[in-house]
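Coordinate analysis (summary)
So the chains spell out like this:
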Amino acid sequence: MYKRPVYPTIDEVLAETELIVATPCIPLPSFISFTIPTLGTPLFGSRLREGLFLPNVKLRDLDSTNGTFVNSQRVKESALCDGDLILIGRVLFKFIRSSSIENRFFGQMYSLATTDFLTGIFNRQHIMSRLESEFARARRYVRPLSVLVYDIDQFKQINDTFGHLAGDQLLIESSRLVSKNVRQQDFFGRLGGDEFLVICPETDLNNTVLMAQRLSQLVEKWSYSYQSRKLDFSISIGIAGISDEMRSSTDLIAKADAMMSVSYTHLRAHKPVLDLV
């Protein structure tokens, strides 16, 4: 049986390299970022602090297996110039200073490609891509991974009764509420319509249940008004955790979707189906 290869994540690749800043304390409104030319994905290095101007940045290879290449030349340590191409493993970066027009262009393109135009959270393509990466990482290192899927009950009825503008505003405001109450390490995105996904890395099912309960209580207590009219609504939540029989991230979503359907059909409550997970 064909087994899909699992490639290292970008964070794992970058762990084999180090950025060296020669003069890190000149306070100017600038910072350094990497951009993958083929995708336009800005990668803001965790080792760099925003607000620092970095006039002499070096890249050092920390004895990586496949080596580090700058402009097709293998290097142990190299000073980086604007526009340099850096190959680390299978990942290609382009070094661009933040003041560059090209960098701002890539940042805008990345935002358009990954952000849901209505709610401002991750769109379906990006959140599903993120889930695939987290699923592969959890499989490789045998780590816990859970997902939380929810949708707004009777959302069509809200649209029909109050109008689509009221429905859109409800999606926007409820997304903001959830965004403020998920953890920093979680990923939150819109799957489509009124269905949303929260990816919970390094989280077992029990802790995801607690998160689902907290979100349910928040929504229950939250008051939403549109044009001075109060709209009461509820959400149905389904959760699932990675298991040995799951072959892909699609199976994880399918399990959470099934739990959400049971929650809506049988309980009609603001709580996830805890006893069936």
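Anyway, here's the lowdown on the structure attached to this text. Here, residues in each chain are numbered from 1, in the same order as that chain's written sequence. Predicted model: local features are reported for residues with pLDDT of at least 70 only, side-chain atom pairs are reported and counted for 80 or more only, and whole-chain, interface and lining totals are derived from all residues. Just so you know, side-chain values use all the structure's heavy atoms and leave hydrogens and water out.

**Topic: the side chain of Asp-153**
Secondary structure elements are defined from DSSP: runs of H or I of at least 4 residues count as helices, runs of E of at least 2 residues count as strands, and each element is numbered from the N terminus. Within the secondary structure, Asp-153 is located in the loop between strand E10 (145-152) and helix H4 (155-162). Think of a polar contact as two N or O atoms within 3.5 Å of one another; within protein, one of them needs to be a possible hydrogen donor and the other a possible acceptor, and neighboring residues in sequence only count if both atoms come from side chains. At a separation of 2.7 Å, a polar atom in the side chain of Asp-153 contacts the side chain of Ser-234.

**Remarks on the pattern of salt bridges**
Pairing is possible between side chains of opposite charge, provided their charged atoms come close. Salt bridges are identified by distance alone: a Lys or Arg side-chain nitrogen within 4 Å of an Asp or Glu carboxyl oxygen. What the rule picks out here adds up to 11 salt bridges. Arg-60 serves as the salt-bridge partner of Glu-77, at 3.2 Å between the closest nitrogen and oxygen. Taken as a pair, Glu-77 in strand E7 (residues 77-79) and Arg-60 in strand E4 (residues 57-61) lie far apart in primary sequence, 17 residues in all. We call a residue buried when its accessible area falls under 20% of the maximum for its residue type, exposed when it is over 50%, and partly exposed in between, using a 1.4 Å probe and counting protein chains only. Residue Glu-77 is classed as partly exposed on the basis of its relative accessible area, which comes to 39%. Among the salt bridges present, the one from Asp-186 reaches Arg-183, with a minimum N-O distance of 2.6 Å. According to the relative accessible area criterion, Asp-186 is buried, its value standing at 8%. The partly exposed category is assigned to Arg-183, whose relative accessible area is 27%. When salt bridges with common partners are traced through the structure, they connect Arg-130, Glu-134, Arg-137, Arg-143 and Glu-202 into a single cluster.

**So, a nonpolar patch on the surface**
Only residues above 30% relative accessible area that lack a salt bridge enter a patch, with like-charged residues linked at up to 9 Å and the nonpolar side chains Val, Leu, Ile, Met, Phe, Trp and Tyr linked at up to 5 Å. Using a 1.4 Å probe, accessible areas were evaluated by the Shrake-Rupley method; residue-level cover was limited to the displayed protein chains. Where nonpolar side chains cluster on the molecular surface, the patch consists of Leu-85, Leu-87 and Leu-92 and spans about 200 Å² of accessible area. By the secondary structure assignment, Leu-87 is in strand E8 (residues 85-88). With a relative accessible area of 33%, Leu-87 lands in the partly exposed category.

**A few points about the sheet that holds strand E12 (residues 195-201)**
Pairing between two strands requires that DSSP report at least two bridges joining them. The 4 strands lie next to each other as E11-E12-E10-E15, forming an open sheet whose pairing is antiparallel. Unpaired on one side and paired on the other, strand E11 (187-192) and strand E15 (235-241) mark the two borders of the sheet. Averaged over all pairs of adjacent strands, the angle between strand axes in this sheet comes to 20°, irrespective of strand direction. As judged from the 5 bridges shared by E11 and E12, these two strands associate in the antiparallel manner. Within E12, the position partnered with Gly-192 by the bridge is Glu-195. Fitted lines through C-alpha atoms give the axes, limited to the stretch in contact for helices. The angle between two N-to-C directions lies from 0 to 180 degrees.

Purely geometric numbers; function is a separate question.
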